[in-house]
Every structure is written in structure tokens, then in C-alpha cells.
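In case you want the letters, here they are:
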Amino acid sequence: MVGGARLQGEVRVTGAKNSVLKLMAAALLAEGTTTLLDVPDILDVEIMAELLRRLGCVVEHQRQSQSVVISVPATLEHRADYDLVRRMRASICVLGPLLARCGVADVALPGGDNIGSRGLDMHVEGLIRLGATAVNEHGYLIASSNGRLHGASIYLDFPSVGATETILMAAVTAQGETVIDNVAREPEIVDICQMLIAMGARIDGVGSSTLTVLGVDALEPVTHRAVPDRIVAGTWAVAAAITQGDITVRNALTGHLQIALEKLQIAGAEVSELDDGFRVVMHDRPRAVDIITLPYPGFPTDLQPQFIALNSVADGAALVTENLFEARFRFVQELGRLGADVRIDGHHALVRGRPQLSGAPVDATDIRAGAGLVLAGLVAEGETTIYGVSHIDRGYAGLVPDLIRLGAQISRVFVTNENP
Ligand code: UD1
């Protein structure tokens, strides 16, 4: 890619990756055919589809209509193999539904990944409270229950997205009432609650810090449209701000991006809300903005690299504090290759804005780091080559064609050896 173009035009975001993957897992809870709509054409959806097939489902990903149709049999396999879990950590979201449906679930342990250690302790402790036993054998977490799970009172030490989902999906068919306190409140959690309720689950407190679940005997399959992807929408918003451009983002919910859009306004952008999205216009060099990542409704960690990219060309210095994933700053080394001035101290990054970055070959280490590097490349002088784009494919559908439509000079080339 060659930096310098002012991006202008419209994009439409699809359903959220972080919702769709969990909705696909939730489909396991009901025998029959579940249809999910507004599904992005990304690698992670393919991996999840493959996992569900190995569990015995028939899965059809219809790209034209952006839907996934999942036929769930009466009897499921209960093992999620390492070769899939290592490719996509989110595979562990089948743990709760498999335990609920089969009374046993063998899920490969994901191990470390590029953004930190990411434990499973709260998932496991929650399942144990619901009456399961859990052992770690040969790299697999094996959870099992003697008969039906039972309701319990569970308090999460931290509002973990994954642990909330695992416990919720196990509790919806448990015997009796489960109260889960200090749960994550991300829009993707609300989305899965809404789908489960449509399937017949009884859940109170949706969107609050406490979920009360009254277990039901069985759930029915449904058709459900996934919530729009706030992180993709937020990435486009930053693309407008960093390139001093003008981008209209359709199918986005501004309410889900309030802090991020407010930060862009502080940076100097004009943000206007539309019926089905928003528009971000930037006329000048952005001003530096401080960021502190926190669980929703705090600033999303999944937009942190994009905002570091923005700050790297902003007027002034910004302090960025990362509270969720310790290794999320690793990508800063790559940003440094483009000339960014970022100093890391523990979970703080001090970003001193530079008038100009300079294009170079860089390596995308995870999905959001990749997005941050693309944004930086859009404004770097000269040519930037981003390797490891398969990471970006995991979360962003059709990014390159969209960027070209908006005026970016970018192309995708296939190389046999991705090492620069
Ligand atoms: C999800 C999102 C990810 C997003 C993150 C936070 C998906 C597929 N991924 O990840 O994009 O960045 O939410 O919004 O939806 N933790 C423990 N023990 C546990 C569970 C979590 O220590 O049992 C820690 C993790 O190490 C991490 C923090 O809690 O430091 C947050 O993790 P969590 O909210 O669970 O994120 P994920 O569900 O993994």
C-alpha cells in the first residue's frame, strides 16, 4: 500500500465476529435448524463451521446472502480438537453448550496466543459451581456432569466476556435458577442473550451486571440476525480520522461506540449520527487523545491498536493504558518500523505524535494489530507492506476492496513465504 490518500465514501459493516462465533456455538443447544443472518465472510466463521461439522452438524455458509444455516442432530460429538482450537481460541465457546447437551465436553486448551495468557479459570469455576467436574488431561479440558447441571450463585472476579458466555450457555438448560454476578455487558453478550431468549431460555437482567437464568428443559432453533460489528465500525471511524477523510459507516449502532466516537471528536473529528450508522469527517491533523481500555461500556481493547496508530500521527502526546491483555502492545514494535514514537512502560504506552510516518515492511501479529498497521500504512509516506494478513482475514471481511473503493492505494499480493 502507498499512504497519503484521503478516504471518502460509504461502507457497510456486517454482524460482529465476536457475536457470530458464539451464536454458532449457541445453536448447538437446540436440535434442528438454526439460521444466522448478517454473518461476515471471515476465516474465523469458517473455522467455527468446521468445528461444528466435526461435532456432527451440517453447516452451510451462504456467502451471497451472508447467512449460516446450522442443522444440529439429536446426538452430538463432544470433542473440540486442538488443530482447530489452536487456530481460533474462540473455539472454547462450545464448552458450555456441549456440556449442557452431552453431559461431557472435551475441549483442547488453547494455550497462549499473541495477545497474552488469557486464562480459563473463571469458565471452569463457573461450570463446577453448576455441578460439573473438570480435569485437564493430555492438553484437553474435560468437563462432565453426572446428569443435568443445576442452578447456582456465581460471582465472576472480572467481567470476562468468554466466562460469561460459557456459564450462561451451560445454565440455560440447568435445573433451577442461576444467578451470575459481575458479568460482561458487551453488546455481543446482549445479542447472545436475545438469541437464547428467542430459543426459549429464561434470562433476566440482560445488559446489566447480573444475569438471572431460570433453566428450561429444552431450547428450540431460531433465525437470528447478529448485532453489527462495533469494532469494524470503529476501525472505519478511525480510518476517516487518520486520513483526514469522510466516511459514512452503515449498519452501525453509535450507542455501542459512544466512548470511541467521543474520543474521535476530541481528536477533532466531526461525528454525526445517521438512522443506520454514522459519518466521520476530519479536516485537520488529529489531536492526541488519551485512552484507557476497560470492559464495556469502557473503551474497547479491540480498538486500542487503531487509536495508537491515530495518536502516532497526532498533534501532541497521548497516554494509552491497556487493562485487558498484557501483550496487546507487542505490535508497537512494528509501528516503530513505520517511524512511530511509542514508549511502553508496563501497561501504559506514551505515544508522541509525529507529523509523518514512513512506509516499511511490517508484520501483523493479531487481528487488531493488523488493523492498526493498515491504518498507519494509509498515512505513511511511500510504500508499506503488511505481512501476516491472514490475521486480518480473521476479523475483517473484504477490507482491501472496501479500502480501494474509498480511495486507498492498496493491493493484496499472495506470496509463498510470508516472512519479510
Ligand atoms: C473477548 C473477545 C476479544 C476482546 C475481549 C475483551 C471474542 C472471540 N473475543 O475475548 O476480542 O478483546 O473479549 O473485550 O469474543 N480471564 C481470566 N480468566 C478467565 C477468563 C478471562 O483471567 O477465565 C482474563 C483474560 O486473560 C483477560 C481478561 O480476563 O485478561 C479479559 O478476557 P475476556 O473478557 O474473557 O476476553 P475473551 O472472551 O477471551
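Residues numbered from 1 in each chain as written. Predicted model: local features only at pLDDT ≥ 70, side-chain atom pairs only at ≥ 80, totals over all residues. Heavy atoms only, no water.

Here we look at the sheet that holds strand β10 (residues 177–181)
Spatially, β9-β10-β12-β11 is the arrangement adopted by the 4 strands of the open sheet, whose pairing is mixed. Sheet topology places β9 (153–155) and β11 (202–204) at the edges, where each strand pairs with a single neighbour. With direction set aside, neighbouring strand axes in the sheet form an average angle of 15 degrees. Inspection of the sheet shows β11 paired to strand β12 (residues 210–214) by 3 bridges, in the antiparallel sense. Residue pairing for β12: R202 is matched across the bridge by L214. Across the sheet, helix α6 (residues 161–171) is in contact with β9, β10, β11 and β12; its angle to β12 comes to roughly 20 degrees. (Pairing = 2+ DSSP bridges. Helix = DSSP H or I, 4+ residues; strand = E, 2+ residues; numbered from the N terminus. Axes fitted to C-alpha atoms, helices over the stretch in contact; angles between N-to-C directions. Contact = heavy atoms within 4.5 Å.)

Observations regarding the packing of aromatic side chains
Counted by the stated rule, this structure contains 1 aromatic pair. Ring plane angle 85 degrees and centroid distance 4.9 Å describe the contact between F299 and F307, whose orientation is recorded as edge-to-face. You'll find F299 and F307 in the same group, each marked buried. R79 extends its terminal NZ or CZ atom over the ring of Y140, reaching a point 4.0 Å from the ring centre. (Phe/Tyr/Trp six-rings, centres within 6.5 Å; stacked < 30°, edge-to-face > 60°. Buried < 20%, exposed > 50% of the residue type's maximum accessible area, 1.4 Å probe, protein only. Lys NZ or Arg CZ within 6 Å of the ring centre and 35° of its normal.)

So, the environment of T14
Mapped onto the fold, T14 is located in the loop between β1 (8–12) and α1 (17–26). Taking relative accessible area as the criterion, T14 reaches 15% and is therefore assigned buried. A sequence separation of 215 residues divides T14 from D229, and the C-alpha atoms of the two residues are 6.2 Å apart. In this structure T14 touches D38, P40, Q66, V227, P228, D229 and N251, once residues within four positions along its chain are discounted.

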